[in-house]
Amino acid sequence: MGEPMRIGIIGGGGWLGRAIAEAVIDAQIVSAEHLSLSYRSGQPGFLPSARWTSDNQKLADRSDVIIVSVRPQDWPAIDISAHGKLVLSVMAGIPLDQLAGRLKTDRVVRTLPNAAAEVRTSYTPWIGSQGITADDRNAVRRILEACGAADEVKSEADIDYLTGLTGSGPAFPALLAAAMMDDAVSRGISPDIARRSVSAVLIGTGKLLEARKDNPKDIVQTFLDYRGTTAAAIEAMRAAGFEAAVRDGLAAALQKSVSMGQAS
Ligand SMILES: NC(=O)c1ccc[n+]([C@@H]2O[C@H](COP(=O)([O-])OP(=O)(O)OC[C@H]3O[C@@H](n4cnc5c(N)ncnc54)[C@H](O)[C@@H]3O)[C@@H](O)[C@H]2O)c1
């Protein structure tokens, strides 16, 4: 694409839509004058120099790439023609054939970022339809990599599974952090110290995993081999069903992702 890219985000006022809008502006993939954002009721206060509208067809007509970022339950109401345009969906559960059919374009891409897009550290799997071109693939990579890391995957079944593993993923360490904080506070640690210490543990562990590249299983085994406090905690957590809880949670997310596609 020699011309500057024109991007439109349907649902650009929402959590993920805003994160993507700010990421593509920061990465200089698009200028504010070429970024269209739509809202349903009331223009949000951020990115005032972008082109805000409540008319999704207008947004589509003035964009080369259209990103659909409404909740899956709001997707049936999106009635626009994106004929000849590249469309990226970030919606959980909505399959490629539905996107192509309803939006009337054969250039569609199903992606699943996560909440860490807000701080440019999403992990985003994606898959395109047969109709996407080499230029489209480059545009998709640029947009998604502005939000963090991205991988093209080989099947929509992979996206369904990763919707839970990585799309919902930030919720799981957050759940652990909340449980750790509650325990700390219940034992008399001040809420400020509990928050700072638990955040530091999560951030530090993420960096450690990234730097060492070991299988996390090996890191857990090293802790177990000390036969100290960590081993005592891990064994008690496992006895309480830690691994089964994770397995059941991921299975529930997969089932929900598949059922959302069937329901819409
Ligand atoms: N937030 C996440 O962590 C996350 C992660 C991965 C995927 N997703 C997917 O991203 C999509 C958006 O999620 P979100 O968390 O940003 O939700 P959100 O509710 O914060 O944002 C959705 C926005 O779409 C707007 N909207 C609804 N119908 C509209 C219409 N017809 N025209 C214009 N705007 C309209 C809503 O007013 C809202 O501002 C969902 O489909 C979700 O599955 C979200």
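Keep in mind that what you see is a predicted model, and the values were worked out from it rather than measured. (Residues numbered from 1 in each chain as written. Predicted model: local features only at pLDDT ≥ 70, side-chain atom pairs only at ≥ 80, totals over all residues. Heavy atoms only, no water.)

### Side note on the site of the ligand
In the vicinity of the ligand, 22 residues are found, and the nearest of them are W15, L16, V70, R71 and P113. Here an oxygen atom of the ligand sits 2.9 Å away from a polar atom, N or O, in the main chain of W15. At a separation of 3.0 Å, a nitrogen atom of the ligand approaches a polar side-chain atom of N56. Summarising the interface, the protein chains cover 81% of the accessible area of the ligand, which totals 820 Å² for the free molecule. Considered class by class, the residues forming the shell around the ligand number twelve nonpolar, seven polar and three charged. (Near = heavy atom within 4 Å. Polar contact = N/O pair within 3.5 Å; in protein donor to acceptor, adjacent residues only side chain to side chain. Areas by Shrake-Rupley, 256 points an atom, 1.4 Å probe, with all protein chains shown as cover. Nonpolar A, V, L, I, M, F, W, Y, C, P; charged D, E, K, R; others polar.)

### Regarding the packing of aromatic side chains
Following the criterion strictly, the structure yields two aromatic pairs and no others. Three or more aromatic residues joined by ring pairs form one cluster here, namely Y39, F46 and W52. (Phe/Tyr/Trp six-rings, centres within 6.5 Å; stacked < 30°, edge-to-face > 60°.)

### Observations concerning the UniProt feature "domain: Pyrroline-5-carboxylate reductase dimerisation" (unreviewed entry) in the chain
Mapped onto this numbering, the UniProt entry annotates "domain: Pyrroline-5-carboxylate reductase dimerisation" (unreviewed entry) at residues 156–259. Secondary structure over residues 156–259 splits into 87% helix and 0% strand, and the C-alpha atoms at its two ends are 14 Å apart. (UniProt positions renumbered as here; feature names shortened; annotations may be inferred. Helix = DSSP H or I, 4+ residues; strand = E, 2+ residues; numbered from the N terminus.)

### Remarks on the pattern of salt bridges
Under the criterion given, the structure shown has 14 salt bridges. The salt bridge involving D136 is made with R107; its shortest N-O contact spans 2.6 Å. Linking D136 in helix α4 (residues 134–145) with R107 in the loop between α3 (96–103) and β6 (108–111), this pair joins segments that are 29 residues apart in sequence. Each of the two residues, D136 as well as R107, counts as buried. A cluster of three or more residues bridged by salt bridges with shared partners is formed by R110, E156 and D160. (Salt bridge = Lys/Arg side-chain N within 4 Å of Asp/Glu carboxyl O. Buried < 20%, exposed > 50% of the residue type's maximum accessible area, 1.4 Å probe, protein only.)

### Side note on the environment of T53
By secondary structure assignment, the location of T53 is in strand β3 (residues 51–53). Residue T53 is classed as buried on the basis of its relative accessible area, which comes to 9%. Taking the C-alpha atoms as reference points, T53 and E152, 99 residues apart in sequence, are found 31 Å from one another. The residues touching T53, leaving out its near neighbours within four places in the chain, are L37, S38, Y39, K58, L59 and R62. (Contact = heavy atoms within 4.5 Å.)

### What about the environment of G148?
Looking at the secondary structure, you find G148 in strand β8 (residues 148–152). Residue class for G148 comes out buried when judged on its relative accessible area of 17%. Along the backbone, G148 and E235 are 87 residues apart, and their C-alpha atoms lie at a distance of 34 Å. Sequence-distant contacts of G148, defined by excluding residues within four places in its chain, comprise R120, T121 and S122.

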